[in-house]
Amino acid sequence: MALTAWVECRGLAKALGTNQVLRDLDLSVEKGEILSILGPSGSGKTTLIRLIAGLADPDAGEISVAGRLVFGPRTNARIESRGVGYVFQDYAVWPHMSVAENVGFGLGLAGMGRAERDQRIREALTSVGIAALADRYPDQLSGGQQQRLALARSMAMRPEVILLDEPLSNVDAALREHLRLEILQLVRAHGTTAIYITHDQSEAMALCDRLAVMQGGRLLQAGPPEELYRRPNSWFIANFLGGANAIEGEVADGVFTAPGVRLHTTCPAPASRVALVFRPEDALPESAQPQNRLEGVVVASMFIGRCWRITLNTGSLQFVLDWTHRVEDGAALAFSVAPDRCALVLPEKS
Amino acid sequence: MTIGGAATSLGVVSLFVVLVFLPLALVMGQAVVPDLMDGHWPHLSLAGLEHSLGNARSITAISHTVVLSAIGAVSATVLGALYALMLARSNVPFRAVLRATPWLIFLTPGYLKALAWVLLMSPGGYLAQFGLLPEGWDTAFFSLNGLIFVHTLNLFPMACFVIGAAMSGLGSEFEDAARTVGGSARQAWVKINLPLLAPAVVLAFLSIFAEIASDFGLAATIARTSNFGLLTYSIATAIENFPVDFQLAGSQALVLLAMLCSVLLLDKALRRQRRVRLITGRSRRPRIYDLGLWRWPVAGFGLLVSLLSVWLPMAAIIARSGARTLGQGLAASNMTWRYLDQALTLGQPANQALLRSLWFAGLTAITCGVLALLLAWRLDQGGKALRQIVLAMAVGAMAIPGVVMGLGYILLWDRVPGFADTGIYGTWKLLVLGYVSHGLPYALVVVLPAVGQISPNLIDAARLHGAGATTRMFRIIVPLIALSLVTAVLLVFARSVFELPISQLLQPTAGAPAPSVIVRLFGNDNDGLGSALSLLAILATGGLAGLLWLAARAAGRAVWGNGFDSLGGMPRSG
C-alpha cells in the first residue's frame with residue numbers, strides 16, 4: 001500500500017486491557033501542515049500520537065512518517081529512528097540537567113560533535129527566547145519557561161514531525177494565549193509538520209491549518225476549523241465546538257419541521273430525521289429573516305461582555321441566544337435565524 | 001510479554017524463592033511433615049505439632065507473647081499518638097530535640113536499649129546508685145513490666161510516624177467546620193478528628209503488635225534475664241541447645257507466623273471497611289494550638305520521653321564502657337580504658353567481631369544496593385504490574401521475623417541436598433546471605449517507590465531522544481534516585497551491623513559477629529566490654545554512614561551540579 005501524505009495512519013486499532021482506545025482510525029497530515037486533534041479526555045488522542053511516536057505499538061494498522069513506513073505488519077521502526085519530536089503535557093524536562101544539557105542530551109547521543117551541538121543548543125534556546133537561562137536548572141524556571149525548554153529540546157533534534165500533547169494545559173491562562181502564538185510562529189518558521197493535541201476547542205481552532213475531532217477512539221470529522229464550526233457532521237461536534245442549540249425533527253425540500261417549529265435551511269441534510277443546530281450568535285432580530293421566526297419567554301439574561309446571553313423557553317424547547325440588550329425575565333421575545341446558519345446533523349441518539 | 005520480560009520475571013521470582021519462600025516453606029513444612037529431612041517418604045502429621053505445642057513451656061511462651069504484644073502495642077500507640085499530637089498541633093518549645101528523638105530511637109537497635117536499661121535498673125545499677133530507684137522497682141522491672149516499658153520507649157516512634165502523617169494530612173478544616181456549627185473544641189476532637197484518625201491508630205497498633213511479637217532483641221536480653229519465656233527466644237533455644245529440636249522450633253515458628261498473618265488480615269479487613277481519604281490535596285497547614293504556660297510541662301513530658309528512650313540508655317552504655325565494675329559507679333577510681341582499649345586493639349576478639357560486622361554489613365549493603373538497582377532497572381522495562389508485585393513481596397518479606405528466617409536458612413543450607421552441598425553453611429557467606437535476604441526488602445521499599453515516582457514521560461522523553469536502556473538507567477534514573485539509593489544502602493548497612501537473630505543463628509564457625517558477641521558478653525557478666533563494643537559499633541556505624549552520605553552528596557553535586565540538591569533525593573514528576 002502506498003502511503004502518500006507526510007504522516008499517514010491507516011486502520012489503526014489499539015486496546016488497553018478490555019478498553020478499545022482506538023478503532024480503525026485513518027489520519028493523514030501533509031508536509032508543513034499543523035493539525036489539531038480535539039477531543040474530550042478518554043477519546044484516544046494521546047494514545048494516537050504515542051503510537052505515531054513509537055511509545056506504544058498498535059494492535060493493527062500502518063503508520064508512515066516522512067514517506068517511510070515506521071509501523072506495519074512486518075515493520076516496527078525504533079523510536080529514535082522515526083524522526084519524531086514529542087512535547088509532553090507535564091514538560092518532562094529532566095530535573096537533574098541544566099537547560100543546555102536538556103537540549104544537548106539527544107544531540108550528544110546522536111553523535112554530534114561539541115561545537116556543532118553548542119551551536120544547535122544556542123539556536124534552539126534563542127528561538128524560544130530562553131538563551132539567557134542556559135545554565136539554570138528546571139526548578140529555577142517558571143512553568144512557561146519549562147514548556148519553552150521542552151519545545152526547544154524537541155525542535156533542536158529537527159524532527160520530521162513534532163507531536164504536542166496538550167502542551168499548554170499546565171500553563172496559566174494569561175500566559176497560554178501568548179505561548180500559543182509563539183508555538184505557532186516557531187513551528188511555522190521551521191516549516192515543521194505538527195500534530196497538536198488538546199481538549200480546549202478555542203486553542204484547537206486558533207492553532208491549526210486543519211482540525212480533527214475525535215470521540216470514543218474514532219475520528220469523527222477533519223477539515224479546516226471554520227468548516228467544522230459551520231458544517232459539523234454530528235451533534236457532538238456542533239456542541240463540542242462552541243455550543244449550539246438543537247431541535248430534533250424532520251426535513252424535506254429545505255424545510256425543517258418539528259412541533260411548533262418550521263425553519264428554512266440551505267444546508268445539506270444527512271437524513272430525513274435530523275437535528276437542526278444553530279449557534280447562539282446566529283440569532284437575529286425577527287425582522288431579519290421573517291420566514292425563519294421563533295418565539296418564546298425569557299427566563300434568564302446574563303451579561304457576558306460583548307453581549308447578553310439570553311435563555312428562552314418556547315414551551316417544550318429551550319434556546320440560548322446572544323442578544324444586543326437585556327430583556328426582562330418573563331418578557332416575550334421573537335428572533336430569527338438565517339437559512340444558511342441552520343446546519344443539519346444526525347440526531348444525538350441515532 | 002517479550003522474552004526479556006519473561007526472563008526478568010523469572011529472575012525476580014527465583015531470587016525471592018531462594019531468599020525468602022523456600023526457607024519459609026521449609027520452616028512450615030518442618031512443623032507438619034516431621035520426617036521432611038530424614039530421607040524417608042514424607043507424610044503429613046499433626047502429632048508432632050500437637051506434641052510440640054502442647055507442653056507447658058510452649059503454651060507459656062505463646063500466651064506471654066500475646067499478652068506482651070497486646071499491652072505493649074496499646075501503650076506504645078498511646079504514647080506515639082500523644083507525641084505526634086504534641087509535635088503536629090502545639091507550639092511546644094525545644095522542637096529540634098523533640099523532632100529528632102523518634103528518628104534516633106528508630107535507628108538504634110532495641111536490644112542495645114534493653115541492655116542499657118538492664119545496667120540502669122539492676123540492683124546496684126546506675127539508678128539505684130543515684131537513689132533514683134524506689135524500693136522494689138528493680139524486681140518489678142525484670143518481668144512483664146520492664147518489657148512493656150522498654151518496648152513502649154522503643155516502638156512509640158512507629159505510632160508517632162503513622163499517626164503524625166495522618167494528622168498533617170487531616171489539616172484542621174474538618175475540625176474548624178465542626179466549630180462553626182457550634183461544636184466545642186473537645187467535641188470537635190471526639191466526634192470529628194478521632195474517628196478520622198482511627199484507621200491510622202489501628203494501623204499503628206497492629207504494626208507495633210507484630211513488631212513486638214517478632215522481636216528477638218528484648219526476648220534474648222530482658223526477657224531471658226527475667227525468665228519470661230517468649231516465642232522468638234524459645235525458637236532460637238530449640239535450635240541452639242543440644243539436642244537440636246527442629247520440630248519444636250518449626251511448630252513455634254508456625255504459631256508466630258500465624259499470629260502475624262492474622263494481624264495482617266485484620267488490618268486488611270479493617271481498611272476495607274473504612275475508606276476515608278485524608279489527603280485531599282487542598283489541606284492547608286493545620287492550626288497550631290497555643291498552649292500558653294502549659295507548653296512548659298508539655299515540653300517536659302517530651303524531653304522526659306527523649307531522656308528515657310535515647311539519652312539515659314546512651315549515657316549508661318558510655319559510663320559502663322569506661323568503668324571497671326558496675327557496682328562502684330561513676331567514681332574516678334572506677335574509671336578504666338581497658339574495655340575500650342580491648343575493643344579497639346586489632347587482634348582482640350571484641351575488635352575482630354566489630355570489624356567482621358562492619359565488613360559483613362558493608363558487603364550486604366552494597367549487594368542490596370546493586371540488587372535493588374538491577375531490579376529497578378529491569379522493572380522499569382517490565383511495567384507497573386511487576387513492580388507492584390515485587391514491592392508487595394518485599395513488604396511481605398519484611399514482616400517475617402529474623403529468627404524464623406534464620407531457622408529457614410539453617411534448614412535449607414544445612415539439610416536440603418543441593419543447597420547443603422555448596423558448603424556455605426557455617427561460613428560467613430551464609431550469614432551475609434541471611435543479612436541480604438533481610439536487608440533487600442528494605443532497600444526495595446526505599447528504591448522502588450523512588451523509581452515509581454519518576455514520571456514515565458521523563459523516561460519516554462529520553463527514549464525519543466535516542467537513549468537506550470543502559471543510557472536511561474545511568475543518565476536519567478540513577479541521578480534522579482541517587483539520594484534514595486544512598487539512603488537505602490545506609491539503612492541496610494545500619495540494620496545489618498546490629499542485626500541480632502540472624503547473627504545468632506547463622507554465626508560462622510570462624511568467628512561471631514558483633515551483635516551476638518555483645519549479647520553473649522552481657523550474658524556472661526562481662527557487660528563492661530559489651531558496652532564498649534556497643535558504643536564503638538554505634539560510633540562506627542553512625543560515623544561511616546554520615547561520611548558516606550556527605551560523600552555521596554558531594555559527589556552528586558560535582559557530577560550533576562546544583563540540580564542534584566534541587567531533587568532532594570525524591571524527584572518530582574518533571
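Note: the structure precedes this text.
This one's a predicted model, so the numbers in the text were calculated from it and none came from an experiment.

Student: Honestly, the side chain of Ser69 of chain B in this entry has me stumped. Any pointers?
Tutor: Examined against the element boundaries, Ser69 of chain B turns out to sit in helix α3 (residues 56–89). Ser69 of chain B sits in the buried class, given a relative accessible area of 1%.

Student: Please explain helix α20 (residues 456–464) of chain B as it appears in this structure.
Tutor: One turn of an α-helix holds 3.6 residues; hence residues three or four places apart share an orientation. All names here are of chain B. Of all 9 residues making up α20, 7 are buried, and the element is well covered by its neighbours. Of the positions making up α20, those classed as buried are Asn457, Leu458, Ile459, Asp460, Ala461, Ala462 and Leu464. Downstream of α20 by one or two residues, Gly466 has phi in the positive range, about 95 degrees.

Student: Looking at this structure, how should I read the sheet that holds strand β15 (residues 273–278) of chain A?
Tutor: All names here are of chain A. Here we have 5 strands laid out as an open sheet, ordered β14-β13-β12-β15-β21, and antiparallel in their pairing. Both edges of this open sheet fall to β14 (261–264) and β21 (343–345), since each of them pairs with a single strand only. Looking at each pair of strands side by side, their axes are set apart by 40 degrees on average, direction ignored. In this structure, β15 lies alongside β21, joined through 3 bridges in antiparallel fashion. If you follow Val277 over to β21, its bridge partner there is Ala343.

Student: What's the story with the interface of chain A and chain B in this structure? I'm lost.
Tutor: Accessible area lost on assembly of the parts is the figure often given for the size of an interface. Facing 25 residues of chain A, the contacting portion of chain B comprises 25 residues. Between chain A and chain B, the buried area comes to about 2300 Å², and carbon and sulfur atoms account for 65% of it. Its largest share of buried area at the contact with chain B, chain A owes to Trp94, Pro95 and His96 of chain A, together 27% of the area lost on that side. Counting across the chain A and chain B interface gives 1 salt bridge. A salt bridge links Asp460 of chain B to Arg50 of chain A, with the shortest nitrogen-to-oxygen separation between them at 3.1 Å. Counting every contact that joins chain A to chain B gives 6 residue pairs in polar contact (both at pLDDT 80 or more). Contributions of two or more residues to the side of chain A that touches chain B are made by α1 (45–53), β7 (84–87), α2 (99–109) and α4 (143–155) of chain A.

Each value, and the rule that gives it
Residues numbered from 1 in each chain as written. Chains lettered and ligands numbered in written order. Predicted model: local features only at pLDDT ≥ 70, side-chain atom pairs only at ≥ 80, totals over all residues. Heavy atoms only, no water. Helix = DSSP H or I, 4+ residues; strand = E, 2+ residues; numbered from the N terminus. Buried < 20%, exposed > 50% of the residue type's maximum accessible area, 1.4 Å probe, protein only. Pairing = 2+ DSSP bridges. Axes fitted to C-alpha atoms, helices over the stretch in contact; angles between N-to-C directions. Contact = heavy atoms within 4.5 Å. Buried area = accessible area lost by both parts, 1.4 Å probe. Salt bridge = Lys/Arg side-chain N within 4 Å of Asp/Glu carboxyl O. Polar contact = N/O pair within 3.5 Å; in protein donor to acceptor, adjacent residues only side chain to side chain.

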